[in-house]
Amino acid sequence: MSGGVEEILAPGLAVVFCGLNPAATAARSGHNFSAGSNRFWPALHLAGFTPHRIAPADERELLRYGCGITALVARATREGREISRVEVRAAGSEFEQKIARYAPRWVAFLGKAGVAALTGTSPAWGRQGLEIGGARVWVLPNPSGLNRAFPMAALVAAYRELHDAIGRS
């Protein structure tokens, strides 16, 4: 459990989507990406990861499609900027062990902040030239409704690029 929100994990998944931390709305509802303004579930469906839009309450269905969900930091907040780089780095070793234990092929970070804090670099969008816990790393735009830099079409295009890369690997 991460901040009162269940992690959706199983061994050998194709991809684990990794948020910086659970949103306060997710902690209240007990389900990942449950805020009405969050675009995670529609983006996954429109990018081809799921055959239909999954409701947050049905989040465990994601496992059927080779996908999981976790967070770098367990503490829930209203906004990701409430999590410090120090807090992310402190969670890094446990996170890497978790990824190694579940052994997904890819870990997809939702936003750049987590990768930046873990590696001390400024990542680009897309595939990274590194692995964490044996999984290849991809950086996707954060699906939060607060992320106005990416309209839905751009978000879906970025997620589809990962979906296509997974299919090729």
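Residues numbered from 1 in each chain as written. Predicted model: local features only at pLDDT ≥ 70, side-chain atom pairs only at ≥ 80, totals over all residues. Heavy atoms only, no water.

(A) Representation of the overall build of the chain within the structure. Each helix and strand counted, the chain has five helices and five strands in total. Secondary structure elements of the chain, listed N to C terminal, follow the sequence β-α-α-β-α-β-α-β-β-α. Computed over the C-alpha atoms, the radius of gyration of the chain is 14 Å, within 12% of the 15 Å expected from 2.2 N^0.38 for a compact globule of 169 residues. On the principal axes, the C-alpha backbone points of the chain span a range of 35 × 35 × 30 Å. (Helix = DSSP H or I, 4+ residues; strand = E, 2+ residues; numbered from the N terminus. Rg over C-alpha atoms; globule rule 2.2 N^0.38 Å.)

(B) Focus on the nonpolar core. Formed by 27 residues in total, the largest nonpolar core has its most connected members in Val15, Phe17, Phe40, Phe49, Leu140, Tyr159 and Leu162. Secondary structure elements with two or more residues in this core: strand S1 (15-19), helix H2 (40-47), strand S2 (67-71), strand S3 (106-110), strand S5 (135-140) and helix H5 (152-168). With seven residues, the single largest contributor to this core is H5. When residues no more than four places from it in sequence are discounted, the contact partners of Phe49 are Val15, Phe17, Leu44, Tyr65, Cys67, Tyr159, Leu162, His163 and Ile166. In terms of nonpolar packing, the next biggest core, distinct from the first, is built from 17 residues, Val88, Ala91, Ile99 and Val139 among them. (Core = buried A, V, L, I, M, F, W, Y, C linked by side-chain atoms within 4.5 Å. Buried < 20%, exposed > 50% of the residue type's maximum accessible area, 1.4 Å probe, protein only. Contact = heavy atoms within 4.5 Å.)

(C) Structural detail: the side chain of Glu61. Tracing the backbone shows Glu61 in the loop between H2 and S2. No salt bridge forms around the buried Glu61; measuring N to O, its nearest opposite-charge neighbour Arg64 is 4.1 Å away. A polar side-chain atom of Glu61 sits 2.8 Å from a polar atom in the side chain of His52. Residues contacting Glu61, with those up to four places away along its chain left out, are His52 and Ile54. (Lys, Arg positive; Asp, Glu negative; His and termini not counted. Salt bridge = Lys/Arg side-chain N within 4 Å of Asp/Glu carboxyl O. Polar contact = N/O pair within 3.5 Å; in protein donor to acceptor, adjacent residues only side chain to side chain.)

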